[in-house]
Each structure stands twice: as structure tokens, then as C-alpha cells.
Amino acid sequence: MPDYDLIIIGGGIIGGSVLYHLAQLGYPGRVLVLEREDALSKGSTALSAGGFRNIWTTPINMRLTSYSIKKLAAFQDELRFPIGFDQRGYLFCQYEENFESAKAYGAEWARNGVAIEFLDAKEVEAKVPGLRAGIDHIDPEVNEILQMKPIAGGVFGPECGSFDPSAAAQGYFERGLEGFDGRAELRLNATVKKLRIVDGKYRGVEMADGSLIESEKIVVAAGAWTNQLLEASGLSGEDLPPVIPLNRMLFITNMPPIEGFERIPMTIIDNGVYFRPEGPNLMIGRADPNTPPGFDTTPDAKYYEEQINYYMQERIPGMERCRLMSMWGGLYDTNDVDHNAVLGEHPHVDNLIFATGFSGHGAMESPAAGLALSELLHYGEYRTLDITPLSIRRFWENKPIHETIVI
Ligand SMILES: Cc1cc2nc3c(=O)[nH]c(=O)nc-3n(C[C@H](O)[C@H](O)[C@H](O)COP(=O)(O)OP(=O)(O)OC[C@H]3O[C@@H](n4cnc5c(N)ncnc54)[C@H](O)[C@@H]3O)c2cc1C
């Protein structure tokens, strides 16, 4: 008889959500969580911008995030754990052509229950005090390089906002472990070297210290390191999800000296630059489309100066006086085929369940992903949210689910 019924690898928000939801369902087994770091959520979870939104181009993402937003809103009451839930909205500022196609897409959002307000340029400026929607003030020579256009309008999502993913992960683990009443155990400083897979069946994990721990089933929630582990376990080719680690950086500056700026929504402007208040400061980011895959997360101040700050300065007066105070890099587990999570049981390895490829939206999808996977483990099927289309099979069957609003 194996030592445990289930092992979960990963002390981030996804591992935590699976553990918590299993406890909620009354999963009767013994569970072991293995995390290689000396504390929970030291991976991508702690480095996240913590944004949540249900504005997507794929109905499955709209469903997963709309469900998750409701659960994040109720998190503090249900788990008795504060997570800094802040429904301040998301505002996508758009040039004429994108704004027109967004308006044309409006019916699809409405059909999927996503609340959207279309704002004209004046209303965009009212939402973000100080923001200049026009470009008349920009030196034409400078704009030769920046290629900025007037902001024609904005898509505003009032249900969107931000939260603290590390706090949520902590809450999930604390309440999850309590819920198991001694039948679940968290082991830190515990690095898994590989999964033991024999004849297409998962058997146990081989630890870095040489020990073997057996379990009936395994959930690999190792974020951007998932493929490393699956590869070390002998999987290759199409048996690996198409997921690569990509460094994504966040920058903290002073708040621009504009009255009311601390109440702005998460705002996305030219070149994919996004920003929102973070306490008394401003958090700013932009996904660099030229980032090579890799595990290096060194942040780069030059990138901020050249690819972000010019756009910020042209749109927000006073930004030129805002100092870069801190910055960090962290990994996206990017699915470079369709930019959506790859979830569920591995069709070629019995009892191996994995969750990766969230491509920058794993924190906000953690309530839905954790619930769905725990239903799969407990009932043997998805009951509340059918995430079957997100299986790795979709790549084999050439049925990708392309998400295009990825920041
Ligand atoms: C800069 C940045 C901004 C982001 N912004 C957002 C956002 O606004 N909204 C959003 O929803 N998402 C965002 N994300 C993505 C989000 O943070 C991730 O999708 C989410 O945290 C993934 O959680 P996870 O539990 O899968 O992974 P992680 O938090 O990375 O957890 C995986 C854990 O597995 C452990 N592990 C790995 N390998 C092993 C091993 N061999 N043995 C033992 N343990 C192991 C790691 O140490 C780690 O703790 C952002 C990410 C970054 C980097």
C-alpha cells in the first residue's frame, strides 16, 4: 500500500487551491504536499501582479475567471483570511481600429455574462485623471519612434481588479491543512527529482535526497518548472505540454502627483504597458515579446526606461518625476501554442494530474482550477466547471483554444 493517496508538488496558489478544495469536498485520503523552497509561494505566486479579469476572447476563460472572481470576492468570509481583494476594474485603452473590433465583440462578452462598459476618449480620461488620450502634445520626432496613436476609447471591466496571490495561497494551505484534520502534511525544503513512471502508470516520487515516496496519485502544480520535472521523469515530445518559462518583470515607481490617481483601475495603454496603484506607489509592467525562454529572472532597469517609461511619460503628466524604486522578474509558465492552461489527467500516464501553462493568468484562475482538479480527484469527473477542453489532448487533436488578450 502506498504511503499516501495523493502527493501535490508545489506550494504555490494552484497547489494550495487543490488542497483546500479537496478538504472542502471531504476527500477521504492522506495527502502530502512537497515544496522545495523553505516557505510557501516563493515561486511565481509571490511575484505576480495579482490582477484578475474576466475580459477574454475565449468563453472558457470568461467562465473560469467569472467563477473565480466570485470566489475571490468571498475569500475573506469563506476562509477567514484577508487577500486584499480590490475590484477597481480593468481599463483597456484602445486605438480606433481595436476599439471598433472590441465593440463588435461586445455581444460575445454579453452572451458570456461579462460586464463591459465601452468608454469614449473623454470617459477614459475621467477614469484615469491626468491621462492624455490625444497625441498632439507628443513631439513628432519622438513619436516617429514610439508610434503612438490617439486613444479612441476604452473597454472597462467593472468586475475586474487585483488581489494578493501570496496571501490567497497561504489562506488555501492553512485552511486546507486544517480541513484535513491531520490527514494532510506539508513538507518544505523537499525537492522532487522525478516521478517514477512504470508502464504508463505513475508510482511515486524520487526525492533529491534519494528517498522514494509512493502515492496512488500525483498532482504536479510546479508552475513554470513542471516540464522540467516531467522531462526528468521520462516524458518527451507531445507528452509534454507546450509550455516554456518566460521572464516577466514588474516595476514600482512613486505615484504620479495627480489627485485621485490612487483610485484608477488597472490601466493598459500603448505597447501593452499596464499599471495600477500598489499601496502608495505605482506598479507597472509590460510583457516583452522578445524574451527568450529560460529560468533567468533578473530584472532590467534599461527595459523599463526604453520600453515602458516613454509611453508612461507621454500619457501621464508628472511621470517624468516618478522614480523607479524597485523591480523584480518572475516566471510565466507560458503555453506558446494557445496561451491557455493545460490541465487534467495525463492521457498517457495513469494517475498523473498536472496544471501548468497558465500564461500569466494562473493566480486569477486558481479558484476554478483548484475546484475542477479536486472534483476530478474526488469524484473522478468535473462537476462544477468542465475543463476537459483544456486537456493536453487538444494539441494532439489540433483543437487549440487561442487566447489573444494576453498581457
Ligand atoms: C511578473 C508576473 C506577473 C503576473 N501577473 C499575474 C496577474 O496579474 N494575474 C494572474 O492571474 N497571474 C499573474 N501571473 C501568473 C501567476 O503568478 C501564476 O500563473 C501563478 O502564480 C501560478 O501558480 P502555481 O502555483 O502554478 O506556480 P508557482 O507559484 O510557481 O508554484 C510552483 C511551486 O512549485 C515548486 N516546485 C517546482 N519544482 C519543484 C520540485 N521539483 N520539487 C518541489 N517543488 C517544486 C516551486 O518552488 C513553486 O513554489 C504573473 C506572474 C508573474 C511572474
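Residues numbered from 1 in each chain as written. Predicted model: local features only at pLDDT ≥ 70, side-chain atom pairs only at ≥ 80, totals over all residues. Heavy atoms only, no water.

The subject of this paragraph is the layout of surface pockets. The probe, sized like a water molecule, is rolled over the atoms to show the empty space still left. By volume, the second largest pocket is sized at about 720 Å³. Lining the second largest pocket are 33 residues, and of these Gly 272, Thr 404, Ile 405, Val 406 and Ile 407 lie nearest its centre. Residue assignment for the lining of the second largest pocket shows that the elements contributing at least two residues are β4 (90-94), α4 (96-111), β12 (243-254) and β16 (324-335). No other element matches α4, which puts five residues into the lining of the second largest pocket. Looking at the lining of the second largest pocket, its residues break down into 18 nonpolar, 10 polar and five charged. Residues from two domains meet in the lining of the second largest pocket; each of domain 1 (4-83 + 164-242 + 337-396) and domain 2 (90-158 + 244-332) gives at least three. (1 Å grid on protein atoms, 1.4 Å probe; cavity = no way out; pocket = protein on both sides within 12 Å on 5 of 7 lines; lining within 4 Å. Points joined across faces, edges and corners; volume = space filled by probe spheres on them. Helix = DSSP H or I, 4+ residues; strand = E, 2+ residues; numbered from the N terminus. Nonpolar A, V, L, I, M, F, W, Y, C, P; charged D, E, K, R; others polar. Domains from an automatic or database assignment.)

On to the site of the ligand. Close to the ligand lie 37 residues; Glu 35, Ser 44, Thr 45, Gly 51 and Met 364 are nearest. A distance of 3.0 Å separates a nitrogen atom of the ligand from a polar backbone atom of Ala 49. With respect to the ligand, the backbone of Gly 360 contributes an N or O atom lying 3.0 Å from a nitrogen atom. Listing elements by their share of the shell around the ligand, those giving two or more residues are α1 (13-25), α2 (44-47), β12, β16 and α10 (362-379). Its residues assigned to classes, the shell around the ligand comprises 18 nonpolar, 15 polar and four charged. Each of domain 1 (4-83 + 164-242 + 337-396) and domain 2 (90-158 + 244-332) gives at least three residues to the shell around the ligand. (Near = heavy atom within 4 Å. Polar contact = N/O pair within 3.5 Å; in protein donor to acceptor, adjacent residues only side chain to side chain.)

Examined against the element boundaries, Tyr 67 turns out to sit in helix α3 (residues 59-79). Along the chain, Tyr 67 and Ala 49 lie 18 residues apart, while their C-alpha atoms are 20 Å from each other. Residues contacting Tyr 67, with those up to four places away along its chain left out, are Pro 367, Ala 368, Leu 371, Thr 384 and Leu 385. (Contact = heavy atoms within 4.5 Å.)

In this section: the domain arrangement of the chain. As assigned here, the chain comprises domain 1 (4-83 + 164-242 + 337-396) and domain 2 (90-158 + 244-332). In this structure, domain 1 and domain 2 have C-alpha centres spaced 31 Å apart. With 22 residues of domain 1 in contact, the opposing surface of domain 2 contributes 24 residues. Carbon and sulfur atoms supply 65% of the area buried between domain 1 and domain 2, which totals about 1700 Å² over both sides. For domain 1, the biggest contributors to the area lost against domain 2 are Leu 47, Ala 49 and Ile 55; these three give 34% of the whole. Viewed at the interface, domain 2 and domain 1 are joined by five residue pairs in polar contact (both at pLDDT 80 or more). If you list the elements that add at least two residues to the side of domain 1 that touches domain 2, you get α2, β3 (51-52) and α3. For the side of domain 1 that touches domain 2, the element with the highest residue contribution is α3, accounting for three residues. (Buried area = accessible area lost by both parts, 1.4 Å probe.)

Further remarks concern α3. Its 21 residues give α3 an end-to-end C-alpha distance of 28 Å, which sits within 8% of 30 Å, the value for a rise of 1.5 Å per residue. Of the residues making up α3, those classed as buried are Ile 60, Asn 61, Met 62, Leu 64, Thr 65, Ser 66, Ser 68, Ile 69, Leu 72, Phe 75 and Leu 79. Trailing α3 by a residue or two, Arg 80 shows a phi angle of about 55°, which is positive. (Expected span 1.5 Å × (residues − 1). Buried < 20%, exposed > 50% of the residue type's maximum accessible area, 1.4 Å probe, protein only.)

Before going further, it helps to spend a moment on the side chain of Ser 233. Tracing the backbone through its elements, the reader meets Ser 233 in the loop between α8 (226-232) and β12. Using a relative accessible area of 11% as the deciding quantity, one classes Ser 233 as buried. Here the side chain of Ser 233 touches Leu 195 through a polar contact of 2.9 Å, landing on its backbone nitrogen. Non-local contacts of Ser 233, meaning those with residues more than four positions away in its chain, are made with Lys 194, Leu 195 and Ile 197.

The subject of this paragraph is the side chain of Asp 270. Mapping Asp 270 onto the fold places it in the loop between β13 (266-268) and β14 (274-278). A polar contact of 2.7 Å, which involves the side chain of Asp 270, links it to the side chain of Arg 315. Residues in contact with Asp 270, not counting those within four places in the same chain, are Tyr 95, Met 148, Lys 149, Tyr 311 and Arg 315.

On to the pairing of strand β15 (residues 281-285). Most of β15 is tucked away, with five of its five residues classed as buried. Every second residue of β15 is oriented toward a common face, with Asn 281, Met 283 and Gly 285 on one face and Leu 282 and Ile 284 on the other, all of them buried. In the sheet, β12 pairs with β15 via five bridges, with the strands oriented antiparallel. Within β15, the residue paired with Asn 254 across the bridge is Asn 281. Pairing between β14 and β15: five bridges, direction antiparallel. (Pairing = 2+ DSSP bridges.)

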